[in-house]
Amino acid sequence: MTTIFWRLAYRLYARRQPSIRFELFTIGFVGFMTLIYAYAVSVNPTTGNAIRLLAAMLIVVVGFAHRHVRLECAKGPQALYVKAMAKDG
């Protein structure tokens, strides 16, 4: 799985830098919404609230993955390529 992740990251960010605004949005605002949805599920455990909570949690995970890629890009211009070509990720 890690090899697939790094190859996808290399394909997406080989020619452009990851946006910090996207990362801040997904971790900050959507993280706040996740807390609100978690409270809504605890007060009123319906399927709709649970689906909203799972979707928000997935978006926050995408934000943390994006942060991981951005930190790896900061190591150098070929860091993603080296990570993508590594067998163990």
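Every value quoted in this text rests on a predicted model; they were computed, and no experiment measured them.

Thresholds, definitions, all that
- Residues numbered from 1 in each chain as written.
- Predicted model: local features only at pLDDT ≥ 70, side-chain atom pairs only at ≥ 80, totals over all residues.
- Heavy atoms only, no water.
- Helix = DSSP H or I, 4+ residues; strand = E, 2+ residues; numbered from the N terminus.
- Rg over C-alpha atoms; globule rule 2.2 N^0.38 Å.
- Buried < 20%, exposed > 50% of the residue type's maximum accessible area, 1.4 Å probe, protein only.
- Contact = heavy atoms within 4.5 Å.
- Axes fitted to C-alpha atoms, helices over the stretch in contact; angles between N-to-C directions.
- Parallel < 35°, antiparallel > 145°, perpendicular 65-115°, else oblique.
- Core = buried A, V, L, I, M, F, W, Y, C linked by side-chain atoms within 4.5 Å.

## A short note on the overall build of the chain
Check the secondary structure of the chain and you find four helices and zero strands. In the chain, the succession of α and β elements from N to C terminus is α-α-α-α. By the compact-globule yardstick of 12 Å for 89 residues, the chain is too spread out, its C-alpha radius of gyration being 16 Å. Along the longest, intermediate and shortest principal axes, the C-alpha atoms of the chain span 50 × 25 × 15 Å. Every one of the 89 residues in the chain was classed for burial, and the buried ones make up 25%. A sequence separation of at least 24 residues applies to 75% of the contacts in the chain between residues at least 6 apart.

## Here we look at the packing of helix H1 (residues 2-13) against helix H3 (residues 47-73)
Two elements in contact, H1 and H3, have axes separated by 11 Å at closest approach and are oriented at 70°. Relative to H3, the element H1 is oriented roughly perpendicular. Facing Phe5, Trp6, Ala9 and Tyr13 of H1, the residues of H3 in contact are Ala65, His66, His68, Val69 and Glu72.

## Quick notes on the nonpolar core
Grouped together as the largest cluster of nonpolar side chains are six residues: Trp6, Ala9, Tyr13, Val69, Cys73 and Leu80. Among the secondary structure elements, those contributing two or more residues to this core are H1 and H3. For this core, the element with the highest residue contribution is H1, accounting for three residues. The contact partners of Cys73, leaving out residues within four places of it in the chain, are Gln17, Pro18 and Leu80.

Remember that the coordinates give geometry; whether it matters functionally is a separate question.
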